[in-house]
Amino acid sequence: MYKLSVVGTGRMGRGLVRVLSPLSKESDLIWGSRTPDKARALIDEEGFRNTVAGGYEEALGAEVILHSLWFRDVLPWAKENREALKGKILVDIANPFTEDFNDFTTEWGTSAAEELQKLLPQTRVVGAFKNTFFRVLEQPLHNGLTSDVYVTGDDEEAKRTVLSLLDGIPFRVLDGGRLSNNRTIERMTLFEREVAVRYGNYPYVSFRMFGLNEG
Ligand SMILES: NC(=O)c1ccc[n+]([C@@H]2O[C@H](COP(=O)([O-])OP(=O)(O)OC[C@H]3O[C@@H](n4cnc5c(N)ncnc54)[C@H](OP(=O)(O)O)[C@@H]3O)[C@@H](O)[C@H]2O)c1
């Protein structure tokens, strides 16, 4: 069984494989696409190591699945694959922004991660990478500093599993607490985007919390 999968070959899917493949051992990472040949070609082109290309169905077989779909697409996909996702850990990176990036498609009292968890009560949803724009995955170091990835979830064991899988990526990976913290993280991300656009550095933007005592 594959340990980890990334679903989708868009900007974030590619970025996630870029940071995860160097940690992967003996091809335990599968990259799923609706067009597996696309994933295969990207693996060759980018020289991603220990990564196998496949379809969504194969990617669903992994223990931990990181999806890189838009919020509008992830809900129908999750609904359709509820059975296959049972007992799995699903890492959610979606930000439920409106098409014009001015607002949210979710209500104030919820988040994309919580909506996904509601839809999949037998899957453990963990949030991560929401505030990391795709260019940062290509170039994680900025002035010698890495940015933060906040890992959130209501199931402690699932959250710990993801924290440990991400150990070694070129980011400061932090325990971001409960899943409902995504209400804040997703909103921080839209704010981050707006400011980065204003200052001309979007999409090279992410967060780093200042003043933390790093263990
Ligand atoms: N862009 C960012 O910098 C950023 C930052 C943080 C979080 N996010 C979140 O990450 C997610 C992906 O963003 P992205 O910028 O990587 O998007 P993207 O480049 O458009 O990639 C989305 C991928 O989703 C897959 N997909 C599955 N069903 C689909 C459908 N019905 N229509 C279109 N694509 C479908 C496709 O992969 P296949 O063709 O291989 O199946 C596609 O390449 C979003 O939820 C976004 O909120 C993005």
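As recorded in an unreviewed UniProt entry, the chain goes by NAD(P)-binding domain-containing protein and comes from Paenibacillus gyeongsangnamensis.

Focus on helix 9 (residues 182–199)
With 18 residues, helix 9 should reach 26 Å at 1.5 Å per residue; the first-to-last C-alpha distance of 25 Å fits that figure. Those residues of helix 9 lying buried are N182, I185, E186, R187, T189, L190, E192, R193 and A196. Against the buried residues of helix 9 lie helix 6 (112–119), strand 6 (124–127) and strand 7 (148–153). G200 occupies a position one or two residues after helix 9 and carries a positive phi of about 80 degrees.

Looking at the UniProt feature "domain: Pyrroline-5-carboxylate reductase catalytic N-terminal" (unreviewed entry) in the chain
With numbering aligned to this structure, UniProt lists the feature "domain: Pyrroline-5-carboxylate reductase catalytic N-terminal" (unreviewed entry) at residues 4–96. Across residues 4–96 one finds 42% helix and 22% strand; the C-alpha atoms that close the span lie 24 Å apart.

Comments concerning the site of the ligand
Taken together, the neighbourhood of the ligand is formed by 21 residues, with T9, M12, S33, Y56 and L69 sitting nearest. One of the backbone N or O atoms of M12 is found 2.7 Å from an oxygen atom in the ligand. Protein burial of the ligand: of its 890 Å² of free accessible surface, 83% is covered by the chains. Secondary-structure elements contributing two or more residues to the shell around the ligand are helix 1 (11–20) and helix 4 (71–80). Considered class by class, the residues forming the shell around the ligand number ten nonpolar, seven polar and four charged.

A closer look at the packing of aromatic side chains
Here the structure, examined in full by the defined rule, presents five aromatic pairs. Taking the centre distance of 5.9 Å and the plane angle of 65 degrees together, the rings of W31 and F48 count as edge-to-face. Here W31, found in strand 2 (residues 29–32), pairs with F48, found in the loop between helix 2 (36–46) and strand 3 (51–54); they are 17 residues apart in sequence, far enough to count as distant. Cluster of aromatic residues (ring-pair linked, three or more members): F97, F101 and F104. Here the guanidinium or amino end of R187 rests over the ring plane of F104, the centre of that ring lying 4.3 Å away. R187 extends its terminal NZ or CZ atom over the ring of W108, reaching a point 4.2 Å from the ring centre.

Cut-offs used in this document
Going along each chain's sequence as written, the residues are numbered from 1 onward. Local features in a predicted model are, by the rule used here, given only for residues with pLDDT of at least 70; side-chain atom pairs are given and counted only at 80 or more, and totals for whole chains, interfaces and linings are based on all residues. Side-chain metrics in this entry use all non-hydrogen atoms of the structure; hydrogen atoms and water are not considered. Numbering of helices and strands runs from the N terminus; a helix is a DSSP stretch of H or I covering at least four residues, while a strand is a stretch of E covering at least two. Residue count minus one, scaled by 1.5 Å, sets the expected span of a helix. For each residue, the accessible area found with a 1.4 Å probe, counting protein chains only, is set against the maximum for its type, and the residue is called buried under 20%, exposed over 50%, and partly exposed in between. Whether two residues touch is decided by their heavy atoms; if any such pair falls within 4.5 Å, the residues are in contact. UniProt positions are given in the numbering used here, feature names are shortened, and annotations may be inferred rather than shown by experiment. The nearness test applies per residue and asks whether one of its heavy atoms lies within 4 Å of the molecule or strand. Any N or O atom pair separated by 3.5 Å or less is treated as a polar contact, with the protein-specific requirement of one donor-capable and one acceptor-capable atom, and with residues adjacent in sequence counted only for side-chain atom pairs. Accessible areas in this description were obtained via Shrake-Rupley with a 1.4 Å probe; residue shielding takes into account the shown protein chains only. Under the scheme applied, nonpolar residues are Ala, Val, Leu, Ile, Met, Phe, Trp, Tyr, Cys and Pro; charged residues are Asp, Glu, Lys and Arg; polar residues are all the others, including Gly. Two rings from Phe, Tyr or Trp (for Trp, the six-membered ring) form a pair when their centres sit within 6.5 Å of each other. Planes less than 30 degrees apart are called stacked, planes more than 60 degrees apart edge-to-face, and all others tilted. Only lysine NZ and arginine CZ atoms are considered, and such an atom sits over a ring when it is within 6 Å of the ring centre and within 35 degrees of the ring normal.

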